[in-house]
Amino acid sequence: MSSPEWRAIEALQPPRLETLFAQDAGRVARFGVDVAGLHFDWSKTHLTTEAVAAFEALAKAQNLSGKREALFRGEVINQTEGRAAEHTAERGEGAPDSVARAGMLHARMRALIDAIEMEALGPIAHILHIGIGGSALGPDLLIDALGRDEDRYEVAVVSNVDGCALEEAFARFDPTATLLVIASKTFTTTETLLNATSALEWMREGGVEDAYGRVVALTAAPDSALEWGVDETRILPFAESVGGRYSLWSSIGFPAALALGWEAFEELLEGAGEMDRHFRLAAAHENAPMLAAFADLFYTQVKGAQTRAIFAYDERLRLLPSYLQQLEMESNGKSVGADGQPIGRATAPVTWGGVGTDAQHAVFQLLHQGTQLIPVEFVAVAEPGDALADEHHRQLLLNCFAQGAALMKGRANEADPARAYPGDRPSATILIEALDPRSLGALIAFYEQRTFVNAVLLGINPFDQFGVELGKEMAKVAVQGGLDFDPSTTDLIQRALG
Ligand code: F6P
């Protein structure tokens, strides 16, 4: 049953977007927020002052401010796993003890980076980073977004257990100049451990006598890494209370810190810290993660949106949608609340997206004329990342902004309905001044905090992920030769593997 706060939200009936603009000359400023070199324009969503007030009432009823403080104080808010969620401590915003511990672990990470740069492990040109999910998506995003002009190290992030993924890296890299980085919070993930074993073998076969001497482990289970054979001096631990999909700020960020430089890694943490402070201190109506979460919930709860699409209008951010898929769907794709009861309403929409302008020529048809309402998010960067003629960047940005305008405005065509555009389709835009470690840190922290607000307002614990366990277990049984499957699955196994 809906609470009075939810009923007030469900009763919201904002007019068309164009009417909202016509009614309020200050709308752009009212639903715009500037933080850490990022401009958040939520004015082309159906948020109104009334809607924000209704969501603020829900936030109060759900004790958002208390839960936010509990997050930053390092209290045990991940109840099902009995631990805190201390990713913010990695960027200096958390319980003093946890911030100090993170600082110590960062110092250890830095010392190893210095040693590698001084060739203590021999000359290194290639970094082979092996991990999956939160142990791969973050470093991959950082290096892809920020490392284009860096040429000190070539990095490959390999996650899939499909040998094709590893072979691709083997073909590019020289085993005698490769540093093998094994990233796994639990150090039990089968894909990662199999890939690491095969990579070690490739190094040995490639003439590296002491292959283990070139291995670095990033983990919250240092004893398991030690048992696996990694030397203690090259195990970079992080706290158990840092969740996998929130871990790029910890030693999981090691390949990025090595490839981009320590200063860049520190700036990334500072940018994220700035967003944390904004999230903690800004009033709801000018709080970027909160406004974004309010709009998310308006569309899923009131308008029945089942997906949300994110388009990076910047090639450097092409991995952002897949990073956000794990962050948002693994955090909030649940049907049982933090209190163990069914939630009884829609939870996380499907996060999907792509890169502009490519996506315009592939999926935008459905956005403009399809039957589903899909809130769209554009992420663009004012300063170009390329050195070509200005015209490239100008066209890129103008395409981005024109798409938002077209989605909102639409175009009637009674004579030819196939050529009519209904309009009133919402979009939000994040405009980054310049893409650098600081702004990227702030951007990622924004998405983390927005995910947290969504979770609190829905009553979800965003920090566990039991949904992935059953499939993992059954795959293990299958790998061990267990045959107790349904007829279809048994038939597929027999057909493919004999
Ligand atoms: O299967 C899901 C998951 O547990 C993610 O939450 C995590 O990021 C990923 O697997 C990798 O886990 P690990 O870092 O322990 O290898």
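A.B. asks: Sorry if this is basic, but what is going on with the sheet that holds strand E2 (residues 38-41) here?
C.D. replies: Each strand in a sheet pairs with its neighbour through backbone hydrogen bonds, running either in the same direction (parallel) or in the opposite one (antiparallel). In space, the six strands of this open sheet follow the order E1-E2-E11-E10-E8-E9, with mixed pairing throughout. Only two strands of the sheet have a single partner each, and these edge strands are strand E1 (32-35) and strand E9 (350-355). Looking at each pair of strands side by side, their axes are set apart by 15 degrees on average, direction ignored. Where strand E10 (residues 376-381) meets strand E11 (residues 427-432), six bridges bridge the pair, whose relative direction is parallel. Across the sheet, the residue bridging to Val379 is Ile430, located in E11. Running at roughly 160 degrees to E10, helix H16 (residues 390-409) makes contact with strand E8 (307-313), E10 and E11 of the sheet. Taken strand by strand, helix H17 (residues 437-458) contacts E2, E8, E10 and E11, and its axis lies near 150 degrees from that of E11.

A.B. asks: I keep staring at the site of the ligand and nothing clicks. Help me out?
C.D. replies: Contacts to the ligand come from 13 residues, most closely from Ser135, Ser184, Thr186, Thr189 and Glu330. Between the ligand and Lys185 there is a distance of 2.7 Å, counted from an oxygen atom to a backbone nitrogen or oxygen. Here an oxygen atom of the ligand sits 2.7 Å away from a polar atom, N or O, in the side chain of Glu330. Notes on the ligand: free accessible area 390 Å², of which the protein chains cover 88%. Of the residues assigned to the shell around the ligand, the class counts are two nonpolar, eight polar and three charged.

A.B. asks: Just to check I follow, could you spell out the environment of Val157 for this structure?
C.D. replies: Mapped onto the elements, Val157 comes out in strand E4 (residues 154-158). Taking the C-alpha atoms as reference, Val157 lies 6.2 Å from Leu128; in sequence the two are 29 residues apart. Apart from the residues within four sequence positions on either side, Val157 is in contact with His129, Ala136 and Asp140.

A.B. asks: Even after reading the chapter, I still don't get helix H13 (residues 288-302), so can you show me in this structure?
C.D. replies: Every α-helical turn comprises 3.6 residues, leaving residues that sit three or four positions apart pointing alike. Under the 1.5 Å per step criterion, the end-to-end length of H13 is 21 Å for 15 residues, consistent within 8% with the ideal 21 Å. Burial of H13 is extensive: 14 of the 15 residues sit out of reach of the surface. With its phi angle positive at about 70 degrees, Gly304 sits one or two positions after the end of H13.

A.B. asks: Which parts of the structure should I look at to understand helix H7 (residues 137-146)?
C.D. replies: With respect to burial, H7 is a largely interior element, eight of its 10 residues being buried. Contact partners of the buried residues in H7: strand E3 (126-130), E4, helix H11 (254-260), helix H12 (262-281), helix H14 (320-332) and H17.

A.B. asks: Could you clarify how one ought to interpret the sheet that holds E4 in this entry?
C.D. replies: Taken in spatial order, the five strands of this open sheet run E4-E3-E5-E6-E7, and their pairing is parallel. This sheet does not close on itself; its edge strands, each paired only once, are E4 and strand E7 (235-237). The average undirected angle you get between the axes of adjacent strands in this sheet is 15 degrees. Judged from the five bridges that link them, E3 and strand E5 (residues 178-183) form a sheet pairing that is parallel. Bridged to Leu128 within E5 is Leu180.

A.B. asks: Any chance you could explain the pattern of salt bridges here in plain terms?
C.D. replies: Here the idea is simple: oppositely charged side chains can pair when their charged atoms come close. If you walk through the whole model with that rule in mind, you get 29 salt bridges. Measuring nitrogen to oxygen at the nearest pair gives 2.9 Å for the salt bridge that ties Glu69 to Arg280. Taken together, the residues Glu69 in helix H5 (residues 64-73) and Arg280 in helix H12 connect sequence positions 211 residues apart. Judged by its relative accessible area of 24%, Glu69 falls in the partly exposed class. Note that Glu391 and Arg394 form a salt bridge whose closest N and O atoms lie 3.2 Å from each other. Here Arg394 and Glu391 lie together in helix H16, a separation of three residues that amounts to about one turn. Look at the salt bridges and you will find they share partners, linking Asp296, Arg308, Glu328, Glu377 and Arg450 into a network.

What counts as what
Along each chain, the written sequence defines residue order, and numbers are assigned to residues from 1. At least 70 in pLDDT is required for a residue's local features to be given in this predicted model, at least 80 for side-chain atom pairs to be given and counted, and no such filter applies to totals for whole chains, interfaces and linings, which use all residues. As a rule here, side-chain values come from all non-hydrogen atoms in the structure, and water together with hydrogens is ignored. DSSP calls a pair of strands paired once it identifies at least 2 bridges connecting them. Under the DSSP-based scheme used, a helix requires at least four consecutive residues in state H or I and a strand at least two consecutive residues in state E, with every element numbered from the N terminus. Think of each axis as a best-fit line through the C-alpha atoms, taken over the contacting stretch in the case of a helix, with angles from 0 to 180 degrees between the N-to-C directions. Residue contacts follow a heavy-atom distance rule, with two residues in contact if any of their heavy atoms lie within 4.5 Å. Here a residue is considered near a molecule or strand provided that any single heavy atom belonging to it is located within 4 Å of it. In protein, a polar contact means a hydrogen-donor-capable atom and an acceptor-capable atom, both N or O and within 3.5 Å, with residues adjacent in sequence counting only if both atoms are side-chain atoms; elsewhere, any N or O pair within 3.5 Å suffices. Method for areas: the Shrake-Rupley scheme with a 1.4 Å probe, in which residue coverage is limited to the protein chains shown. Under the scheme applied here, ten amino acids are nonpolar (Ala, Val, Leu, Ile, Met, Phe, Trp, Tyr, Cys and Pro), four are charged (Asp, Glu, Lys and Arg), and all others, including Gly, are polar. By definition here, a helix of n residues has an expected span of 1.5 Å times n minus one. Only protein chains enter the accessibility calculation, which uses a 1.4 Å probe; a residue whose area is less than 20% of its type maximum is buried, one above 50% is exposed, and one in between is partly exposed. Here, a salt bridge means any side-chain nitrogen of Lys or Arg that lies within 4 Å of a carboxyl oxygen of Asp or Glu.

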